[in-house]
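Reading the structure
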Amino acid sequence: MKNATLHQFEVFAAIARTGSFTKAAEELFLTQPTVSQQMKQLTKAIGVPLYEQIGRKIYLTEAGQAVLQASENIGLCLDQLQEVIADLQGLKKGNLRLATITTGKYFVPRLLGEFRQEYPGISISLQIGNRQQILDRLANNLDDLYFLGKPPSNLDINIRHFLENPLVVIASRQHPLVNEKKISLERIIQEPLIMRESGSGTRMAVEEFFNENRLQMNVEMEISSNEAIKQAVYGGLGISILSLYSLALEGVHGPLAVLDVEGFPLQKHWYIVYQKSKQLSIVAQAFLDYLFTHDEAVSIAQIFRKPL
Ligand code: PGA
């Protein structure tokens, strides 16, 4: 039965509808020998007679009735499929699966807001994790697009440079170093530091920086959430080094201050990556195009009109 083709079902349905090979041939712009040939092959593929010819008229056997029913169902399915594809092409529906490192939560949702307004029928999921968790998702091909810092070198991926991501030293507004200029690294390492967990890209970048400068950080506490780190800094537990984006809502003149430290901000970048072998869905491609025409809206310059 697997040898039966869509075309044969279509011809068969036309014969059943018109009751005649000649009329079916006319309807489908085929020659009569082609129609007869197609029916011979369909009968062979199904394995039992599908019709009887009495005089000039064609009558369906019971098996023929069942094949007709199946042909109609196939036709219906194809019509529905055509509608779904048309909707996808018009971006009326579809799924968008995104994953971002934790700092992405300060800008990705903002971008999604406007995108969603343009395409309200699209369902969006946004997974948030640290660098290691996002890399694991990428390796397992769980999402369409991934936002992260330094792209991994061991995966076959497409990499698109997105935004700047300055890492800054933050302290509570009451901290004695707040009004100092050009604080040395030797001075800063005397302060208790609240650090992201291992597996975090922020932590990796900070460790690389201090290693390059042959300095030992004074890690007082490890916290796996940017927001909890901000609260701890605000509570006077120590200073921290986070993406400037983590201050996107309160700005740099609020309860947390950015310290003027030698070598800072560390100029890092965000990237959008996806598997090279992955055929991006229409929705994911549309979102990718959208990102690069709307990135200005979430740039440092735009979020912090006057950064530091
Ligand atoms: P993370 O992300 O610190 O949340 O892992 C930052 C990055 O990967 O650059």
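This is a predicted model, so every value here is computed, not measured.

**Some words on the domain arrangement of the protein**
By the assigned domains, the protein splits into domain 1 (6–83), domain 2 (89–163 + 269–303) and domain 3 (165–268). Here domain 1 and domain 2 have C-alpha centroids that lie 48 Å from each other.

**Notes on the packing of aromatic side chains**
According to the stated counting rule, one finds 14 aromatic pairs in the structure shown. Summarising the aromatic geometry, the rings of Phe 21 and Tyr 51 are spaced 5.5 Å apart at their centres and angled 70 degrees between planes, so their arrangement reads as edge-to-face. Taken together, the residues span a long stretch of sequence, with Phe 21 in helix H2 (residues 21–27) and Tyr 51 in strand S1 (residues 51–54) at a distance of 30 residues. Under the relative-accessibility criterion, Phe 21 is labelled buried at 12%. A ring pair is formed by Phe 107 and Tyr 245, whose centres lie 5.2 Å apart and whose planes are at 50 degrees; its orientation type is tilted. You can see Phe 107 sitting in the loop between strand S3 (94–101) and helix H5 (108–118) and its partner Tyr 245 sitting in the loop between strand S9 (239–243) and strand S10 (256–258), a full 138 residues away along the chain. In terms of burial, Phe 107 and Tyr 245 fall into one category: buried. One aromatic cluster is present, built from ring pairs that chain together Phe 107, Phe 147, Phe 162, Tyr 245, Trp 270 and Phe 292.

**Concerning empty space enclosed by the protein**
Regions of empty space are outlined by a rolling probe, equal in size to a water molecule, passed over the atoms. Counted under the stated rule, the structure contains one cavity of 30 Å³ or more. Quantified by volume, the largest cavity comes out at close to 70 Å³. What lines the largest cavity is Val 169, Ile 188, Ile 189, Glu 191, Leu 193, Phe 210, Met 217, Asn 218, Ile 239, Ile 241 and Phe 264.

**A word on the pattern of salt bridges**
Applying the stated criterion across every chain yields a total of 13 salt bridges. The closest approach of N and O atoms between Glu 191 and Arg 187, which form a salt bridge, is 3.0 Å. For Glu 191, a relative accessible area of 13% translates into the label buried. With a relative accessible area of 28%, Arg 187 lands in the partly exposed category. What emerges from the salt-bridge pattern is a single network uniting Asp 87, Lys 92 and Lys 93.

**Details of the side chain of Ser 240**
As for its position among the elements, Ser 240 is in strand S9. Separated by 2.7 Å, the side chain of Ser 240 and the backbone oxygen of Ile 194 make a polar contact. Those residues within four positions of Ser 240 in sequence are excluded, and the remaining contacts are Val 168, Val 169, Ile 170, Leu 193, Ile 194, Ile 229 and Val 233.

**Details of the UniProt feature "domain: HTH lysR-type" (unreviewed entry) in the protein**
When the UniProt feature table is mapped onto this chain, "domain: HTH lysR-type" (unreviewed entry) is found at residues 1–61. Its end C-alpha atoms 17 Å apart, residues 1–61 is made of 57% helix and 13% strand.

**Thoughts on the site of the ligand**
Close to the ligand lie Ile 101, Thr 102, Asn 130, Arg 131, Gly 149, Arg 196, Ser 200, Gly 201, Thr 202 and Trp 270, which account for all nearby residues. Within the side chain of Thr 202, an N or O atom sits 2.6 Å from an oxygen atom of the ligand. Here the ligand, which alone exposes 280 Å², has 96% of that area covered by the protein. Looking at the shell around the ligand residue by residue, the class counts come to two nonpolar, six polar and two charged.

**With respect to the packing of helix H1 (residues 6–18) against helix H3 (residues 32–46)**
The N-to-C vectors of H1 and H3 enclose an angle of 110 degrees; their axes lie 9 Å apart at closest approach. It follows from the interaxial angle that H1 and H3 lie roughly perpendicular. Relative to H3, H1 is oriented so that their crossing is left-handed. On H3, the residues touching His 7, Gln 8, Phe 9, Val 11, Phe 12 and Ile 15 of H1 are Val 35, Gln 38, Met 39, Gln 41 and Leu 42.

Rules of the game
Residues numbered from 1 in each chain as written. Predicted model: local features only at pLDDT ≥ 70, side-chain atom pairs only at ≥ 80, totals over all residues. Heavy atoms only, no water. Domains from an automatic or database assignment. Phe/Tyr/Trp six-rings, centres within 6.5 Å; stacked < 30°, edge-to-face > 60°. Helix = DSSP H or I, 4+ residues; strand = E, 2+ residues; numbered from the N terminus. Buried < 20%, exposed > 50% of the residue type's maximum accessible area, 1.4 Å probe, protein only. 1 Å grid on protein atoms, 1.4 Å probe; cavity = no way out; pocket = protein on both sides within 12 Å on 5 of 7 lines; lining within 4 Å. Points joined across faces, edges and corners; volume = space filled by probe spheres on them. Salt bridge = Lys/Arg side-chain N within 4 Å of Asp/Glu carboxyl O. Polar contact = N/O pair within 3.5 Å; in protein donor to acceptor, adjacent residues only side chain to side chain. Contact = heavy atoms within 4.5 Å. UniProt positions renumbered as here; feature names shortened; annotations may be inferred. Near = heavy atom within 4 Å. Areas by Shrake-Rupley, 256 points an atom, 1.4 Å probe, with all protein chains shown as cover. Nonpolar A, V, L, I, M, F, W, Y, C, P; charged D, E, K, R; others polar. Axes fitted to C-alpha atoms, helices over the stretch in contact; angles between N-to-C directions. Parallel < 35°, antiparallel > 145°, perpendicular 65-115°, else oblique. Left-handed = near helix turned anticlockwise from the far one by under 90°.

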